[in-house]
Amino acid sequence: PSSDCVVAEQLCLSDSTCNATYRTLENCALAKTHLLSLDHDSRVRCLNAELDLGNSSLLHCKCHRRTKRQEHCLRVFWTVHSSMTDGYFNLETSPYENPANEEHWKTDYNKLAALVSGKNCSQLAGDATNPCLRATHVCNLSKKCFRLRTDYASICTKGAGSEDVCDRRKCHRGLRNFFEKVPEDFTKRILFCPCQDEFCGERRRKTIVPDCSFQYDTKPNCLWLLDSCLEDHICKSRLADFQQNCQPVDMSPDGCSLHNHAACLQAYMGMIGTPMTPNYVSNSSVEVSLWCTCENSGNQKEKCDQILGMFESNKCL
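The sections below set out a description of the structure shown in this document. Please read all numbers here as calculations on a predicted model, not as lab measurements. (Residues numbered from 1 in each chain as written. Predicted model: local features only at pLDDT ≥ 70, side-chain atom pairs only at ≥ 80, totals over all residues. Heavy atoms only, no water.)

Helix and strand content of the protein: 17 helices and 2 strands. Put simply, the protein has 317 residues, and 45% of those count as buried. Restricting the contact set of the protein to residue pairs at least 6 apart, pairs at least 24 apart contribute 70%. As displayed, the protein has an accessible area near 16,900 Å², and 51% of this comes from carbon and sulfur atoms. (Helix = DSSP H or I, 4+ residues; strand = E, 2+ residues; numbered from the N terminus. Buried < 20%, exposed > 50% of the residue type's maximum accessible area, 1.4 Å probe, protein only. Contact = heavy atoms within 4.5 Å. Areas by Shrake-Rupley, 256 points an atom, 1.4 Å probe, with all protein chains shown as cover.)

Quick look at the structure:
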């Protein structure tokens with residue numbers, strides 16, 4: 001059986017029994033997306049349809065990051081696994097292939113290192129004390145990194161300083177494009193550059209143009225942020241991936257259940273450009289948070305604190 005959800009869907013649709021079951025699950029997922037409450041019989045029908053898939057490749061399929069069919073693939077995954085999000089934010093499993101199983105993205109970083117040590121030496125000479133500035137200059141030496149960084153920066157700064165409000169959806173899409181299509185050798189250096197002073201920290205904090213991508217005029221409730229995320233296939237998938245790869249464990253020496261900090265950082269980067277975009281909270285620390293509050297959460301305060309705590313007090317991250 002294929003591990004790719006798009007291929008698995010095609011196989012299922014070519015079989016009349018699987019096709020009928022899958023169409024039932026599509027209706028169940030659609031009802032959930034529109035927040036329609038299902039009656040008891042409908043819920044039973046949806047659960048039975050999921051069970052009827054048995055060992056179908058649909059039930060075990062995964063998606064790949066950095067592919068054109070990613071959104072289609074994620075829609076298929078959540079159609080089959082829609083019962084996982086039944087009123088609770090713990091999504092249990094990531095729809096993405098384990099990073100170790102994914103094709104290694106080759107980069108031309110060695111070639112750029114040679115450029116840096118050669119003709120561009122004078123340009124980078126003053127960057128020794130500011131790793132974030134240096135990472136940006138190295139990005140500029142790659143046509144792809146420079147183009148996609150310029151793209152999101154221009155979109156995310158439109159409307160800044162005027163009465164116009166920036167187009168947050170386009171800004172988020174530009175950020176996702178950058179972090180998905182540019183090799184991680186560049187993106188990780190820009191986002192996680194180590195800083196010793198506030199000037200460097202300011203540049204790191206502003207990497208994602210937070211005035212547009214991160215901040216609202218007033219902080220929304222974190223539960224509202226979560227609802228916005230669960231209505232979006234990409235955000236829901238990135239959140240599931242983040243929960244799986246950044247699961248904190250108090251008893252573990254490194255505070256991480258999977259002991260894979262690279263996978264956790266990759267999952268964190270995946271959250272940028274979604275409704276639940278995180279960012280650094282100041283210029284003088286590496287603490288991160290969501291732009292939301294748990295005030296006025298009523299009897300859901302504990303759940304709200306959990307959502308915020310995934311970023312603010314996550315030892316694994």
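Structure's up, so let's keep going.
Attention shifts here to the side chain of R205. Looking at the element boundaries, R205 is found in helix α12 (residues 198–205). Since its relative accessible area comes to 16%, R205 is described here as buried. Not counting residues within four places of it along the chain, the set of residues in contact with R205 comprises P210, Q215, N279, Y280, V281, S282 and N283.

This part takes up the packing of helix α15 (residues 233–245) against helix α16 (residues 261–271). Contact pair α15 / α16: the axes reach a minimum separation of 9 Å and the direction vectors enclose 155°. As the angle between them shows, α15 and α16 are arranged roughly antiparallel. Seen from above, α15 lies across α16 with left-handed handedness. On α16, the residues touching R238, L239, D241, F242 and N245 of α15 are A263, C264, A267, Y268, G270 and M271. Across the contact of α15 with α16, the residue classes tally to 7 nonpolar, 2 polar and 2 charged. (Axes fitted to C-alpha atoms, helices over the stretch in contact; angles between N-to-C directions. Parallel < 35°, antiparallel > 145°, perpendicular 65-115°, else oblique. Left-handed = near helix turned anticlockwise from the far one by under 90°. Nonpolar A, V, L, I, M, F, W, Y, C, P; charged D, E, K, R; others polar.)

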